[in-house]
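Working through the structure, step by step
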Amino acid sequence: MDRTDRASRVIAAPPETVYGALLDRDSLQAWLPPDGMRGRLERWDPRPGGGFRMVLTYLDPADSPGKTSDATDIVDVEFADLVPPERVVQRAVFLADNPSYAGTMTMTWHLAAAGDGTEVTVTATDVPLGIDQAAHEAGIASSLDNLASYVEGAG
């Protein structure tokens, strides 16, 4: 599992605002699910060594069968490193019986000031082999679009 997926975009908000949306339960639950999914947080502990469990439900599972069940992906996420307002590092494990989804994927959210906004780059390393790269990168990009809409609309 040495594959790396990534996506980035500039968001019209300062790094502190974007970082806050990465570590606020209601915010994360609102913007993290990519298009075609809705999410629910089952636990929340925003500190290094803490984390969350997110249940992602496909709005139409016919074209995108879930990893945990036909309609869901459940992922346990640990906050491995928090550096305000520059970086959030998460370790994610999917709850799945299929061994192609096994392992711990690291998601690094890097925030850098870019003019009046923030360039957010998400890098996923050790991506499980069962996750399609193009779909995963599209999903990350969709989450970034949602994040941008969320924080830009709050301003």
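Figured I'd write up the structure that's included with this text. (Residues numbered from 1 in each chain as written. Predicted model: local features only at pLDDT ≥ 70, side-chain atom pairs only at ≥ 80, totals over all residues. Heavy atoms only, no water.)

1. Focus: helix α3 (residues 133-154)
Taking 1.5 Å per residue as the helical rise, α3 with its 22 residues ought to reach 32 Å, and the 32 Å between its terminal C-alpha atoms agrees with that figure. At its buried positions, α3 is contacted by β1 (4-11), α1 (15-22), α2 (25-31), β6 (105-114) and β7 (117-125). Of the residues that open α3, the one with a side-chain oxygen 3.3 Å from the backbone nitrogen of A134 is D132. (Helix = DSSP H or I, 4+ residues; strand = E, 2+ residues; numbered from the N terminus. Expected span 1.5 Å × (residues − 1). Contact = heavy atoms within 4.5 Å. Polar contact = N/O pair within 3.5 Å; in protein donor to acceptor, adjacent residues only side chain to side chain.)

2. Some remarks on the sheet that holds strand β3 (residues 51-58)
Here we have 7 strands laid out as an open sheet, ordered β1-β7-β6-β5-β4-β3-β2, and antiparallel in their pairing. Only two strands of the sheet have a single partner each, and these edge strands are β1 and β2 (37-44). In this sheet, neighbouring strand axes are inclined to one another by 25 degrees on average, regardless of whether the strands run parallel or antiparallel. Packed on one face of the sheet, α1 meets β1, β2, β4 (72-83), β5 (87-94), β6 and β7 and runs near 155 degrees to β6. Running at roughly 25 degrees to β1, α3 makes contact with β1, β6 and β7 of the sheet. (Pairing = 2+ DSSP bridges. Axes fitted to C-alpha atoms, helices over the stretch in contact; angles between N-to-C directions.)

3. Details of the packing of aromatic side chains
The tally for this structure, following the rule as stated, stands at 4 aromatic pairs. Summarising the aromatic geometry, the rings of W44 and F52 are spaced 5.6 Å apart at their centres and angled 35 degrees between planes, so their arrangement reads as tilted. Its relative accessible area of 21% is what places W44 among the partly exposed residues. Residue classification places F52 among the buried positions, given a relative accessible area of 2%. Plain terms: the ring middles of F52 and F79 are 5.7 Å apart, the flat faces sit at 55 degrees to each other, and that makes the pair tilted. One end of the pair, F52, is in strand β3; the other, F79, is in strand β4, and 27 residues separate them in sequence. (Phe/Tyr/Trp six-rings, centres within 6.5 Å; stacked < 30°, edge-to-face > 60°. Buried < 20%, exposed > 50% of the residue type's maximum accessible area, 1.4 Å probe, protein only.)

4. A short note on the layout of surface pockets
There is about 750 Å³ of room inside the largest pocket. Around the largest pocket sit 33 residues that line it, and P34, M37, K67, D73 and H136 are the ones nearest its centre. Those elements giving two or more residues to the lining of the largest pocket turn out to be β3, β4, β5, β6 and α3. Here the element with the most residues in the lining of the largest pocket is α3; it accounts for 6 residues. Of the residues belonging to the lining of the largest pocket, the class tally is 20 nonpolar, 8 polar and 5 charged. (1 Å grid on protein atoms, 1.4 Å probe; cavity = no way out; pocket = protein on both sides within 12 Å on 5 of 7 lines; lining within 4 Å. Points joined across faces, edges and corners; volume = space filled by probe spheres on them. Nonpolar A, V, L, I, M, F, W, Y, C, P; charged D, E, K, R; others polar.)

Structural measurements only, silent on function.
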